Amino acid sequence: MERHIAGVLQQIARQQGIVEIAPQGSAPKAAALAHVAEQYGYMYGTAYRTGFKNSLVQVRMYRDPRPDARVREAATITAHPRAGNGGTVPGLKQGSLKPLPEAAGDVAVLRDLITFDVMALYVADRSQKLLVYLACAVLAVLMFIDNRSPVEAVASGGAVALLCTVAFKVGTVRRRMIARRLTDAGFLTVRDEQGSRRFLRSEQQLPDHTDRFTT
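Being a predicted model, the structure only gives us computed values, none of them experimental.

(A) Expanded view of the packing of helix 1 (residues 2-13) against helix 2 (residues 27-39). In the contact formed by helix 1 and helix 2, the axes pass within 10 Å of each other and the chain directions differ by 30 degrees. Comparing the axis directions of helix 1 and helix 2 gives the class roughly parallel. For helix 1 against helix 2, the interelement crossing comes out right-handed. Residues His4, Ile5, Val8, Leu9 and Ile12 of helix 1 touch helix 2, and the partners they reach there are Leu33, Val36 and Ala37. Broken down by class, the residue content of the contact of helix 1 with helix 2 amounts to 7 nonpolar, 1 polar and no charged.

Okay, here's the thing in structure tokens:
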């Protein structure tokens with residue numbers, strides 16, 4: 001845990017415009033570290049899966065250009081002078097990535113933001129679903145060619161198609177629930193340059209002062 005915290009704080013200490021967080025594939029851990037970065041004047045940008053078999057959750061935080069972010073950063077540095085060197089870390093229990101009670105709500109919101117973005121990988125559009133179902137049909141044909149009975153071949157392809165359908169549905173429903181929570185928390189729905197749905201705080205400026213998001 002200390003290693004993850006120290007890694008984030010080292011990036012922050014260099015006054016980097018972007019801080020990358022990748023705590024071994026865990027959205028709750030990523031959210032806790034993202035909360036720490038926020039206390040040092042950064043804002044949430046995006047999250048996605050990367051690494052071997054998409055095993056890592058990668059979160060990208062941007063340096064917040066607003067004056068109140070600099071005030072928050074200065075207050076955090078004053079309150080936690082030994083953070084990353086065995087001292088207290090803003091919002092987290094000593095020596096862990098578990099949020100303190102007063103930070104739990106903010107960390108939960110960040111976890112929703114991260115999960116919503118990460119799940120985009122598993123929410124297929126119509127063309128992607130068509131490819132998946134086509135692959136199921138090809139599987140059935142290959143099994144039939146491999147001297148399996150027509151019933152067995154069709155049943156196997158159908159079973160895989162059913163599992164994919166359930167996975168698509170579960171992903172869509174869960175993402176819809178997260179979107180509702182974020183909307184209730186005051187976030188605005190936006191579209192990024194790829195047309196993907198994203199969420200921004202109502203007062204949040206766009207990362208890097210670019211038109212990365214449009215309403």
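Next comes the rest of the description.
(B) Structural detail: unusual backbone geometry. A positive phi is found at Gln15, a non-glycine position, where the angle reads about 60 degrees. Tracing the sequence through the fold places Gln15 in the loop between helix 1 and strand 1 (18-21). The partly exposed category is assigned to Gln15, whose relative accessible area is 43%.

(C) The side chain of Asp117, seen in detail. For Asp117, the position within the fold is in helix 4 (residues 104-118). Side-chain polar atoms of Asp117 contact the side chain of Tyr44, separated by 2.6 Å. In this structure, Asp117 is in contact with Tyr44, Thr46, Ala47 and Arg198, ignoring residues within four places of it in sequence.

(D) The sheet that holds strand 1, seen in detail. With antiparallel pairing, the 3 strands of this open sheet are ordered in space as 1-3-2. Of all the strands in the sheet, just strand 1 and strand 2 (42-50) have a single pairing partner and so form its edges. Between one strand axis and the next, the sheet turns by 20 degrees as a mean value, whatever way the strands run. With 4 bridges connecting them, strand 1 and strand 3 (residues 56-63) associate as antiparallel partners. From the neighbouring strand, Glu20 faces strand 3, where its bridge partner is Arg60. Of the strands in this sheet, strand 1 and strand 2 are in contact with helix 1, which crosses strand 1 at around 170 degrees.

(E) Highlighting the nonpolar core. Ranked by size, the top nonpolar core spans 38 residues in total, and within it Ile12, Ile21, Tyr44, Val59, Met61, Leu113 and Ile114 carry the most contacts. At the level of elements, helix 1, strand 1, helix 2, strand 2, strand 3, helix 4 and helix 6 (150-184) are the ones that each hand at least two residues to this core. When residues in this core are grouped by element, the largest group, 8 residues, is from helix 2. Excluding residues that lie within four positions of it along the chain, Ile12 makes contacts with Val19, Ala37, Tyr40 and Tyr42.

(F) Representation of the packing of aromatic side chains in the model. Summed over the entire model, instances satisfying the criterion amount to 1 aromatic pair. Look at Phe116 and Phe199: their rings are 5.1 Å apart centre to centre, the planes differ by 85 degrees, and that puts the pair in the edge-to-face class. Highlighted residues: Phe116 in helix 4 and Phe199 in strand 5 (residues 197-201), separated in sequence by 83 residues. Overall, the relative accessible area of 2% leaves Phe116 in the buried class. It is Arg175 that lies over the ring of Phe116; its NZ or CZ is 3.8 Å from the centre.

(G) Region of interest: the pattern of salt bridges. The tally for this structure, following the rule as stated, stands at 8 salt bridges. Arg63 is the salt-bridge partner of Glu73, the closest N and O atoms lying 3.2 Å from each other. Of this pair, Glu73 sits in helix 3 (residues 67-79) while Arg63 sits in strand 3; the two residues are 10 residues apart in sequence, bridging distant segments of the chain. A relative accessible area of 8% means that Glu73 is categorised as buried. Under the relative-accessibility criterion, Arg63 is labelled partly exposed at 22%. In this structure, Arg198 engages Asp117 in a salt bridge whose closest nitrogen and oxygen atoms are separated by 3.1 Å. Pair noted here: Arg198 is in strand 5 and Asp117 is in helix 4, with a separation of 81 residues, a long-range link. In the salt-bridge network here, residues are joined through shared partners; they are Arg63, Arg70 and Glu73.

Here is what the cut-offs are and how they apply
- Sequence order as written defines residue numbering, which begins from 1 separately in each chain.
- Totals for whole chains, interfaces and linings use every residue, but because this is a predicted model, local features are given only for residues with pLDDT of at least 70 and side-chain atom pairs only at 80 or more, for both listing and counting.
- As a rule here, side-chain values come from all non-hydrogen atoms in the structure, and water together with hydrogens is ignored.
- Interaxial angles span 0 to 180 degrees and are taken between N-to-C directions of axes, which are lines fitted to C-alpha atoms, for helices over the stretch in contact.
- Counting from the N terminus, the helices are DSSP H or I runs at least four residues long and the strands are E runs at least two residues long.
- Working rule for angles: under 35 degrees goes down as roughly parallel, over 145 as roughly antiparallel, 65 to 115 as roughly perpendicular, anything else as oblique.
- Here is the rule for handedness: rotate from the far helix to the near one, and if that takes an anticlockwise turn smaller than a right angle the crossing is left-handed, while a clockwise turn gives right-handed.
- For this analysis, residues touch if any pair of their heavy atoms sits within 4.5 Å.
- Gly is placed with the polar residues, together with every amino acid not listed as nonpolar (Ala, Val, Leu, Ile, Met, Phe, Trp, Tyr, Cys and Pro) or charged (Asp, Glu, Lys and Arg).
- Think of it in three bands: with a 1.4 Å probe and only protein chains considered, a residue is buried below 20% of the maximum accessible area for its type, exposed above 50%, and partly exposed in between.
- Pairing of N or O atoms within 3.5 Å defines a polar contact, subject to two protein rules: one partner must be a possible hydrogen donor and the other a possible acceptor, and residues neighboring in sequence count only if both atoms are side-chain atoms.
- Pairing between strands is defined by DSSP: at least two bridges between them are needed.
- By nonpolar core we mean a set of buried residues, namely Ala, Val, Leu, Ile, Met, Phe, Trp, Tyr and Cys, connected to one another through side-chain atoms within 4.5 Å.
- Aromatic pairing here means that ring centres of Phe, Tyr or Trp (its six-membered ring) are within 6.5 Å. Orientation follows from the plane angle: under 30 degrees is stacked, over 60 is edge-to-face, and everything else is tilted.
- Lysine NZ or arginine CZ positioned within 6 Å of the ring centre and within 35 degrees of the ring normal marks a charge as sitting over the ring.
- Throughout this description, the term salt bridge denotes a Lys or Arg side-chain nitrogen within 4 Å of a carboxyl oxygen of Asp or Glu.

Geometry only, nothing functional implied.
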